[in-house]
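# Observations on the model geometry
In case you want the letters, here they are:
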Amino acid sequence: MLVGLVTNWWKDLKIKIRFDVPLDKYTTFKIGGPAKYFLEPKNTEELIRAVKLLKRYPPRAKGGKLPILILGSGSNILVMDKGIEAVVIHLNSAYFKKISLKKGQRLQVGSGARLSRILSFSRRHNLSGLEFLAGIPGTLGGAIMMNAGIPDKTIADRIENVTVMDYNGRIKTLAKKEIKFTYRSSNLSKYIILSATLKLSKDKNSVKEKIKYYLKKRYLTQDLMYPSAGCIFKNPPGESAGRLIDLCGLKGKRIHDACISKRHANFILNLGKARAKDVLRLIRLVKKKVKKKFHINLEPEIKIWK
Ligand SMILES: Cc1cc2nc3c(=O)[nH]c(=O)nc-3n(C[C@H](O)[C@H](O)[C@H](O)COP(=O)(O)OP(=O)(O)OC[C@H]3O[C@@H](n4cnc5c(N)ncnc54)[C@H](O)[C@@H]3O)c2cc1C
């Protein structure tokens, strides 16, 4: 095992690394065991050094090389109870959260910036176009990776370009036309997203009103009383996963402290001490019932870290 060696290397390189960091604090589900290694680089230079080092001296465990996982605000992730044998990189420093105004109603935004902060910033500058993201608890990086949005709008609509780093530490800027965005997905998984340019439009009057409208809609339809990861499953083409789950009579179904929301059947709630294994049992149950009744395979929208 090269783990010890790598750890010392990091010490020499002065990159802050933590060991066995519980991830429940870093996910909106409030579920998950520890990450073996947890890195919070201060800036791009530190990130490059870390990535190059990991390439040269990949830490290993019984199963082979450890994966590198990028954590945003953990709002679309389910982490296993026993934790994960992985290097988790969290782009959480002020450097990765910068938001600045560019010419022509554009914003330059770091991937660690929360969507709520981007919205406040654009509202202050009377810039419109992202209001539909109001209430989505992610970062820009997670939103781009997941192509976050609502049924008729996604973040891709407002992207001009995305700056990424590959796992050799090389940085490049991809124009929107070079990226494939699909429903709750993008083809950027071989990269670390660093920042993006968003193209908005000037609107003096209604940005605040639009944000209010989308927030209200969300409060009326989603279940925000307990920790969750939002929608668990993708909607099948032309269908609503929530409707199918509801028709299977599963609203309110509970396994220990994991419970299918009575309000929005595509939400699984953590009522207190839910474990990942309880959530997984509910996921399996939903898939089985929906398959049996409708012959449809529901596909998870959330990422499962195991
Ligand atoms: C109450 C609630 C409501 C929600 N409503 C919606 C909704 O209406 N629409 C919607 O689309 N989603 C919704 N979500 C899901 C979630 O908020 C979004 O998918 C969000 O964009 C995820 O961002 P994140 O920063 O939390 O990413 P994370 O959950 O941390 O990560 C998600 C994925 O992105 C990757 N990733 C994150 N940052 C980076 C980066 N910088 N570089 C490379 N990869 C990265 C991770 O590795 C992971 O694969 C909701 C979630 C909750 C809890």
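## Examining the sheet that holds strand β21 (residues 268–270)
Spatially, β19-β20-β21 is the arrangement adopted by the three strands of the open sheet, whose pairing is antiparallel. Two strands close off the open sheet at either side, each with one partner strand: β19 (254–255) and β21. Relative to strand β20 (residues 258–260), β19 is paired through two bridges, and the arrangement is antiparallel. Of the residues in β20, the one forming a bridge with R254 is C259.

## What about the environment of G169?
Inspection of the secondary structure puts G169 in the loop between β13 (159–166) and β14 (171–175). The class of G169 is buried, set by a relative accessible area of 9%. Expressed as a C-alpha distance, the spacing of G169 and K52, which sit 117 residues apart in the sequence, is 5.9 Å. If we ignore the near neighbours within four places in the chain, the residues touching G169 are I48 and V51.

## Section: the site of the ligand
In the vicinity of the ligand, 34 residues are found, and the nearest of them are I70, G72, S75, T139 and G149. One of the backbone nitrogen or oxygen atoms of I70 is found 2.5 Å away from an oxygen atom of the ligand. A143 places a main-chain nitrogen or oxygen 3.3 Å from an oxygen atom of the ligand. Coverage of the ligand by the protein chains reaches 93% of its 970 Å² of free accessible surface. Elements represented by at least two residues in the shell around the ligand include exactly β5 (68–71), α4 (140–146), β17 (191–199) and β22 (303–305). Top element by residues in the shell around the ligand is α4. It accounts for five residues.

## Let's talk about the side chain of Q222
Along the chain, the position of Q222 falls in the loop between α5 (207–221) and α6 (241–247). According to the relative accessible area criterion, Q222 is buried, its value standing at 17%. If we ignore the near neighbours within four places in the chain, the residues touching Q222 are R263, H264 and F267.

## Some words on the domain arrangement of the chain
What the domain assignment reports for the chain is domain 1 (3–90), domain 2 (95–207) and domain 3 (223–305). Using C-alpha coordinates to define each centre, domain 1 is positioned 28 Å away from domain 3. Between domain 1 and domain 3, the residue contacts involve 17 residues of the former and 18 residues of the latter. Together domain 1 and domain 3 conceal approximately 1,500 Å² of surface at their shared face, both sides included; 67% is due to carbon and sulfur atoms. Our count for the contact surface shared by domain 1 and domain 3 stands at nine residue pairs in polar contact (both at pLDDT 80 or more). When contributions to the side of domain 1 that touches domain 3 are tallied by element, the ones reaching two or more residues are β5, β6 (77–79) and β7 (84–90). Taken together, the residues of the side of domain 1 that touches domain 3 sort by class into 12 nonpolar, three polar and two charged.

What counts and how
Per chain, residues are indexed from 1 in the order of the written sequence. Local features are withheld for residues below a pLDDT of 70 in this predicted model, meaning they are given only at 70 or higher, and side-chain atom pairs are given and counted only at 80 or more; totals for whole chains, interfaces and linings count all residues. Remark: hydrogens and water are excluded; side-chain values derive from all non-hydrogen atoms of the structure. By the convention used here, strands pair only if DSSP detects at least 2 bridges between them. Segments assigned H or I by DSSP are reported as helices when at least four residues long, segments assigned E as strands when at least two residues long, and all are numbered from the N terminus. Exposure categories follow from relative accessible area, calculated using a 1.4 Å probe and restricted to protein chains: below 20% of the type maximum is buried, above 50% is exposed, and the middle band is partly exposed. Contact between two residues is taken to exist if any of their heavy atoms lie within 4.5 Å; hydrogens are not considered. To be near a molecule or strand, a residue needs just one of its heavy atoms within 4 Å of it. Pairing of N or O atoms within 3.5 Å defines a polar contact, subject to two protein rules: one partner must be a possible hydrogen donor and the other a possible acceptor, and residues neighboring in sequence count only if both atoms are side-chain atoms. Values of accessible area rely on a 1.4 Å probe in the Shrake-Rupley scheme; residue burial ignores everything except the protein chains shown. The source of the domain bounds is an automatic or database domain assignment. Accessible area, probed at 1.4 Å, shrinks when two parts are joined; the buried area is that loss added up over both. For this classification, Asp, Glu, Lys and Arg are treated as charged, while Ala, Val, Leu, Ile, Met, Phe, Trp, Tyr, Cys and Pro are nonpolar and the rest, including Gly, are polar.

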